[in-house]
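# Survey of secondary and tertiary structure
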Amino acid sequence: MAHGPATLADGWVKYASRWLFTTNHKDIGTLYLWFSFAMFILGGSFAMVIRAELFQPGMQLIKPEFFNQMTTMHGLVMVFGAIMPAFVGLANWLIPMMIGAPDMALPRMNNLSFWILPFAFAILVATLFMEGGGPNFGWTFYAPLSTTYAPDTVNYFIFGVHIMGASSIMGSINIIATVMNMRAPGMTYMKMPMFVWTWLITAFLLVAVMPVLAGAVTMMLMDINFGTSFFDAAGGGDPVLFQHIFWFFGHPEVYIIILPAFGVVSQIIPTFSRKPLFGYSSMVYATASIAFMSFIVWAHHMFTVGMPIAGELYFMYATMLIAVPTGVKVFNWITTMYKGSLTFETPMLFSIAFVILFTFGGFTGLMLSIAAADIQYHDTYFVVAHFHYVMVAGAVFSGTAAVYYWLPKWCGKMYDETMGKVQFWIAFIGFNITFMPQHFLGLAGMPRRYADYGLQFADWNMVSSIGAFMYGAAQILFLFNVVRTITHGKPVDKPEVWEGAEGLEWTVPTPAPYHTFEKPPQVK
Amino acid sequence: MLKKAQALFLRPLGAVLALVSAVSSHAESAASQLNMPQGVTEVSQAAYDIHMVMMWICTVIGVAVFGFMFYVMYAHRKSRGAVAENFHENLIVELLWTIVPAIILIVMAIPATTALLKVYDTENADIDIKVTGYQWKWQYEYLGEDVKFMSELRTPQDEIYGREPKGEHYLREVTEPLVLPAGKKVRFLITGNDVIHSWWVPDFGVKRDAVPGLFTSAWAKTDKPGTYVGECTELCGSGHAFMPVVVEVKEQAEYDQWLADKKAAAAEYASTIGKQWTFDELMVQGEEVYNRSCAGCHAVNGEGIPGVFPALKNSVIALGPVVEHLRVVVDGIPGTAMQSFADQLSEVDIAAVIHYERNAWGNDVGDITQPVDVLNYKQAK
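Residues numbered from 1 in each chain as written. Chains lettered and ligands numbered in written order. Predicted model: local features only at pLDDT ≥ 70, side-chain atom pairs only at ≥ 80, totals over all residues.

On to the overall build of chain A. Counting secondary structure elements, chain A contains 16 helices and two strands. Against the 2.2 N^0.38 benchmark of 24 Å for 524 residues, chain A shows a C-alpha radius of gyration of 23 Å, consistent with a compact globule. If you line up chain A on its principal axes, its C-alpha atoms span 65 × 50 × 45 Å. (Helix = DSSP H or I, 4+ residues; strand = E, 2+ residues; numbered from the N terminus. Rg over C-alpha atoms; globule rule 2.2 N^0.38 Å.)

Let us now look at the overall build of chain B. A tally of helices and strands in chain B yields 11 helices and 10 strands. Rg of the C-alpha trace for chain B: 29 Å, well past the compact-globule value of 21 Å for 381 residues, more than 25% over. For chain B, the spread of C-alpha atoms along the principal axes amounts to about 95 × 75 × 40 Å. Looking at chain B as a whole, 35% of its 381 residues are labelled buried. When contacts within chain B are restricted to residue pairs at least 6 apart in sequence, long-range pairs at least 24 apart make up 65% of them. (Buried ≥ 20, exposed ≤ 12 C-beta atoms within 10 Å, placed from the backbone. Contact = placed C-beta atoms within 7 Å.)

What follows is about the interface of chain B and chain A. The interface is formed by 83 residues belonging to chain B together with 87 residues belonging to chain A. At the level of secondary structure, the elements contributing two or more residues to the side of chain B that touches chain A comprise helix H1 (2-30), helix H2 (42-75), helix H3 (91-119) and strand S7 (206-210) of chain B. By residue number, the principal contributor to the side of chain B that touches chain A is H2(B), which donates 14 residues. Residues of the side of chain B that touches chain A, tallied by class, amount to 47 nonpolar, 23 polar and 13 charged. (Nonpolar A, V, L, I, M, F, W, Y, C, P; charged D, E, K, R; others polar.)

Right, let's get into the sheet that holds strand S10 (residues 245-250) of chain B. Residues and elements named next belong to chain B. Read from one edge of the open sheet, five strands run S4-S10-S9-S6-S7, paired in mixed fashion. The open sheet has two free edges, formed respectively by strand S4 (178-181) and S7, since each of these has just one partner strand. Here the strands of the sheet are splayed against their neighbours by 25° on average, with no regard to which way each runs. As judged from the five bridges shared by strand S9 (residues 226-232) and S10, these two strands associate in the antiparallel manner. (Pairing = 2+ DSSP bridges. Axes fitted to C-alpha atoms, helices over the stretch in contact; angles between N-to-C directions.)

On to the environment of A:Tyr142. Secondary-structure assignment places A:Tyr142 in the loop between helix H5 (117-126) and helix H6 (154-181). When the C-alpha positions of A:Tyr142 and A:Gln243 are compared, they lie 6.6 Å apart, and in sequence the two are 101 residues distant. Discounting residues that sit within four places of it in the chain, A:Tyr142 has contacts with A:Phe137, A:Phe242, A:Gln243 and B:Ile196.

Before going further, it helps to examine the domain arrangement of chain B. Residues and elements named next belong to chain B. Segmentation of chain B into domains returns domain 1 (42-119), domain 2 (127-271) and domain 3 (279-380). Computed from C-alpha coordinates alone, the two centres of domain 2 and domain 3 are separated by 25 Å. Each partner contributes residues to the interface: domain 2 has 12 residues there, and domain 3 has seven residues. (Domains from an automatic or database assignment.)

This paragraph deals with the nonpolar core. In this structure, A:Ile83, A:Leu145, A:Val196, A:Ala353, A:Phe354 and A:Ala372 are the most contacted members of the largest nonpolar core, which totals 245 residues. Ranked by the residues each element gives to this core, the list is headed by helix H3 (residues 64-99) of chain A, at 22 residues. Mapping this core onto the domain boundaries places at least three of its residues in each of domain 1 (42-119) and domain 2 (127-271) of chain B. If we skip the residues at most four places from it in the chain, A:Val196 touches A:Ile95, A:Met98, A:Ile99 and A:Val179. Counting residues in each nonpolar core, the second largest holds 19 residues, with B:Val329, B:Phe341, B:Val348 and B:Val353 among its members. (Core = buried A, V, L, I, M, F, W, Y, C linked by C-beta atoms within 7 Å.)

Residue and element names in this part refer to chain A. Put simply, H6 and helix H7 (residues 194-225) touch, their axes get as near as 8 Å, and they point 155° apart. Taken together, the axes of H6 and H7 lie roughly antiparallel to each other. Classified by chirality, the crossing of H7 by H6 is left-handed. Per-class residue counts for the contact of H6 with H7 are 22 nonpolar, five polar and no charged. (Parallel < 35°, antiparallel > 145°, perpendicular 65-115°, else oblique. Left-handed = near helix turned anticlockwise from the far one by under 90°.)

A word on helix H10 (residues 347-359) of chain B. Residue and element names in this part refer to chain B. A rise of 1.5 Å per residue sets the reference length of H10, with its 13 residues, at 18 Å; its end C-alpha atoms lie 18 Å apart and thus fit the reference within 8%. Within H10, 13 of the 13 residues are buried, leaving the element largely enclosed by the surrounding structure. Once H10 ends, the next one or two residues include Trp 361, with phi positive near 50°. (Expected span 1.5 Å × (residues − 1).)

Turning next to the packing of H7(A) against helix H8 (residues 239-273) of chain A. Residues and elements named next belong to chain A. Running from N to C, H7 and H8 cross one another at 165°; their axes reach a closest spacing of 8 Å. Viewed along their axes, H7 and H8 adopt a mutual orientation that is roughly antiparallel. Relative to H8, the crossing made by H7 is left-handed. Class assignment of the residues belonging to the contact of H7 with H8 gives a composition of 24 nonpolar, six polar and one charged.

Attention now goes to the pairing of strand S5 (residues 186-192) of chain B. Residues and elements named next belong to chain B. Of all the seven residues making up S5, six are buried; the element is thus mostly covered by neighbouring parts of the structure. Direction of pairing for strand S1 (residues 127-134) relative to S5: parallel, over a ladder of seven bridges. Bridge pairing links Gly 133 to Gly 192 in S5. Across five bridges, S5 lies against strand S8 (residues 216-220) in antiparallel orientation. Looking at the pairing, Val 186 lines up with Ala 220 of S8.

This part is about the sheet that holds strand S3 (residues 147-151) of chain B. Residues and elements named next belong to chain B. The strand order across the open sheet formed by five strands is S3-S2-S1-S5-S8, and the pairing between neighbours is mixed. The open sheet terminates on both sides in strands that have one partner only, identified here as S3 and S8. Going from strand to strand, the sheet's axes swing by 25° on average, the running direction of each strand aside.

What follows concerns the confidence of the model for chain A. Reading fine detail from the predicted coordinates is not recommended where pLDDT is low. For chain A, the average pLDDT comes to 95, and 99% of its residues sit at 70 or higher. Element-level mean pLDDT values for chain A span from 93 in helix H1 (residues 12-21) of chain A up to 97 in helix H2 (residues 25-53) of chain A. (pLDDT = per-residue confidence, 0-100.)

All names here are of chain B. When pLDDT is averaged along chain B, the result is 87, and 91% of the positions lie at 70 or above. Every residue in residues 1-30 scores below 50 in pLDDT, and together they form 11 contacts with partners more than four places removed in sequence or on other chains. Across the predicted assembly, pTM comes out at 0.90 and ipTM at 0.92.

The next thing to look at is the environment of B:Arg358. All names here are of chain B. Take Arg 358: it is sitting in helix H10. On a C-alpha basis, the gap between Arg 358 and Leu 214 in space is 37 Å, while along the polypeptide they are 144 residues apart. Filtering out sequence-adjacent residues up to four positions away, Arg 358 remains in contact with Ala 318, His 325, Asn 363, Val 365 and Asp 367.

Attention now goes to the pairing of S3(B). Residues and elements named next belong to chain B. One ladder, built from five bridges, connects strand S2 (residues 137-142) with S3; its direction is antiparallel. Paired with Tyr 140 across the two strands is Phe 149, which belongs to S3. From the end of S2 to the start of S3, which pair antiparallel, there are four residues, and Gly 144 there has a positive phi angle of about 85°.

Following A:Thr510, the chain continues into A:Pro511 via a peptide bond in cis, with omega recorded as -10°. If you trace the backbone, A:Pro511 turns up in the segment after strand S2 (490-491). Non-glycine residue B:Asn314 carries a positive phi angle of around 60°. Looking at the secondary structure, you find B:Asn314 in the loop between helix H7 (295-298) and helix H8 (316-319).

Okay, structure coming up:
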């Protein structure tokens, strides 16, 4: 099509239709990113409720029943609504531009996979306003708390999860089809940017495990409504079966979240080091081995369930092994910086913080893998601290870095560097004040998902809450900075934007035109 | 102008300072613990040791890796005139940082395995205790001794909801602790009644999920008498944070005396079950039992939680025939959160609570339910 996309000047009907019916990868990427940010704010506000209640011992603001809904919704919204769609948004924007393709391989499915998401979350969030309240059984929704003992609204939750799963599977198939079929001439697999590689591997993980999640919630649906007893011991079922199925999905799921983050960081660190990524091929192999291992370690989430010792030993050894490929990645990032020419713009700051804090989360992960010590860590705040170091300082920091890094390419304007740096330091300090004390709380014996706690945990909970409000405030600044860039940012017109940026996306004009690479580029 | 600046900066600053001093003064009194407890059993000591080994290994690696990283960030910055080199591969280095961590891991696996073997060494126990998780309390049964009781949170709702100051043992106190003899190997057989709970005593190094339909075992042996507090660590509903574990370890002689007293009390109770209670006696007893065992779901005012737990005030059951009311309380309602209280409450307590529910909050059936009625109902089944 010759004409550009509809703008507000064409009238709101045309403008709304553009977004509703769009098949353009950039538009869909934008939709995903804004949607995920909205969910991030929503999930974050749930976290603020949690931290406000935990500011002091005793029940001050809410009832335990609602507290459980908050922890559950916080987890579900952040994992499925904020982090995953954010990386799908980045994939939509960037993969075609990085491999020299005009668009995604399956543009109509792309539209569908986005537009069912708002419905999924509308259904999920609506349960909070229904009689019985929202899901209150934790984002891991262990049966029978989530079946026999769940509020009736659990059926909406199941339906919502099904839609999210369908969306993820469609998005993944699209990414696999795009990467396999639409690379520009000369763009061999081993020349693809790391972000494309990590997403290709992630997409395979998603296609493999989302149906498992769908199976788990379908079995719940049957148990609740149709008299089966998959997870009901009284009917001959087994509650532990649920955990095996859930974690067979759940462990790959955490790598689904972190692998694209690895990809983002592997793009940004070379740029601001002005030096190519160290050990590209070992990065690819390390990512693939992490993905493979994610399928064979699931029961390390179940060390206290009473498995036979042979099972515990196997899952312990297998889990410890993951440290090897993960270590390779960290060493590669640091060696990329070694003897580079470093500058510290906001995306680089977030990426360096990612490497440090993710590695810290990796260390606690290694400690958690030791089954005998995990008996003391399991289901305490130590675990909460661990996974927030990898999920927030990992996935969210890298997502923030990605937005700052590619925003000038997307909208043709430069963000305010000072404001970006201020946001970084508030986020970095706030994050650590929030989650570092949670290690102490966990070791001292505070279980997770507690609406109230004994007086011995009061100090660190208060510190943690203060940090959480600080971290929350940083996100408002982030939103403000991004909006201000789009409306008032200083125009950029150099295609490469950053000195030292490599890759096809930096060869197209800035801002990236609505259609790029209509004629495929030749990659040497 | 000055006033405005004061309002903008000094007031929040003052608040922060007040907070910091509050936190630090609090810290002195409560002595916040930062690390895992060493505990009092072989297993908890093993967990602590391997935890410390892992922590030191991670610390050493972390200092080395981050130290190098900070050096690079300082030395190779563009502002100091660093010019980028162009290398991007080195097979030997890459092999080294794959193989060396693998070797470290293999070495770490040895103590990790030894420690885990200790956890699973449940053979040859002196005493077997069945631990059952209920929403939201624990039941302890001394197998072969005919002693069985429930252990529930003793902290009053008023302390939880801030209507009264919090006591020293806030959320760390129960109606009746588990009592163990020092120096004996105790095996816990752990299961769940409704949803999954998890029985954790940090000082014993015992954390085991209480899964309905499944028995798993753990063990503890300590020579140190004392009180040890633990928690439920698997999300089990709205009372999850309110079902602590309290264990008292006593010297053998004291333990024997305690066990004998428990048995004598049970015998005495059995002999008085036929006693006729008055309306008011039952109301007093019933209110206490209700607030402890029922109010978690049905609320202190009997109004329940709309859409989740039904109200008892003006309910069909509470105002209808007593036999239906007995059926619900004694047998529970299968497939719902309403559990059977037959094993949880004594006949006296069941009678009292039914009586209370029929005659409180404006319910005015006016009849009297006696313990013997409960016994007859149970025996008729």
